[in-house]
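Fold and contact review
Residues per chain are reported as follows:
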Amino acid sequence: MAQREVEHTPDGRWIVVDGRRWRRQDPALPDDVAARLTSHLGRARAAVRAARREGTEERLRAARDRVGLAKRGLGERGTPWWEQSPAEREARWTEALARLDEQAPPEPA
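A brief report on the enclosed structure follows. (Residues numbered from 1 in each chain as written. Predicted model: local features only at pLDDT ≥ 70, side-chain atom pairs only at ≥ 80, totals over all residues. Heavy atoms only, no water.)

1. Observations concerning the pairing of strand E3 (residues 20-23)
Alignment of strand E2 (residues 14-17) against E3, held across 4 bridges, turns out to be antiparallel. Bridge assignment links Val16 to a residue of E3, and that residue is Arg21. From the end of E2 to the start of E3, which pair antiparallel, there are 2 residues, and Asp18 there has a positive phi angle of about 50°. (Pairing = 2+ DSSP bridges. Helix = DSSP H or I, 4+ residues; strand = E, 2+ residues; numbered from the N terminus.)

2. Concerning the sheet that holds E2
With antiparallel pairing, 3 strands are arranged side by side in an open sheet as E1-E2-E3. This sheet does not close on itself; its edge strands, each paired only once, are strand E1 (7-8) and E3. Relative to E2, E1 runs antiparallel, the two sharing 2 bridges. Pairing of Glu7 across the sheet is with Val16, part of E2.

3. Quick notes on the side chain of Arg43
When you line up the elements, Arg43 lands in helix H1 (residues 31-54). A distance of 3.1 Å separates polar atoms of two side chains, one belonging to Arg43 and the other to His40. (Polar contact = N/O pair within 3.5 Å; in protein donor to acceptor, adjacent residues only side chain to side chain.)

4. Some thoughts on the environment of Glu76
For Glu76, the position within the fold is in the loop between helix H2 (57-74) and helix H3 (86-103). C-alpha of Glu76 to C-alpha of Trp22: the two residues are 54 residues apart in sequence and 8.0 Å apart in space. Each residue touching Glu76, except ones within four places of it in the same chain, is listed here: Arg23, Arg24, Gln25 and Lys71. Within the local environment of Glu76, its side chain forms a polar contact with the side chain of Lys71, the two groups lying 2.5 Å apart. (Contact = heavy atoms within 4.5 Å.)

5. Quick look at the nonpolar core
The nonpolar side chains of soluble globular proteins are, as a tendency, buried together. One finds Leu29, Val33 and Leu37 to be the most contacted residues of the largest nonpolar core, which totals 18 residues. When residues of this core are assigned to their parent elements, the largest contribution, 7 residues, is made by H1. If sequence neighbours within four positions are ignored, Leu37 has contacts with Leu29, Ala70, Gly73, Leu74, Trp93, Ala96, Leu97 and Leu100. (Core = buried A, V, L, I, M, F, W, Y, C linked by side-chain atoms within 4.5 Å. Buried < 20%, exposed > 50% of the residue type's maximum accessible area, 1.4 Å probe, protein only.)

Pasting the structure below:
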């Protein structure tokens with residue numbers, strides 16, 4: 001699958017995809033943290049798809065909550081990362097990872 005060229009706004013806070021603006025992932029995220037959060041996001045999105053097909057409303061809500069938590073950890077939702085101090089940013093992603101690891105432990109490598 002070919003990577004699509006991503007346009008950034010001049011201030012670097014947003015990406016533009018197909019003419020629509022989306023909040024950019026926090027650029028201060030360490031690579032390993034970003035990878036773990038992205039993995040959680042992908043698995044949570046897969047859980048949403050599965051819950052839509054065969055799950056209950058409770059499973060769907062839980063999966064959607066995991067998506068939201070991963071996106072907050074990435075800085076894509078919640079208080080904008082550019083409005084947070086470095087300590088607040090680190091606390092945001094650390095808390096998100098801890099909660100996500102508890103809800104859906106990482107898959108073995």
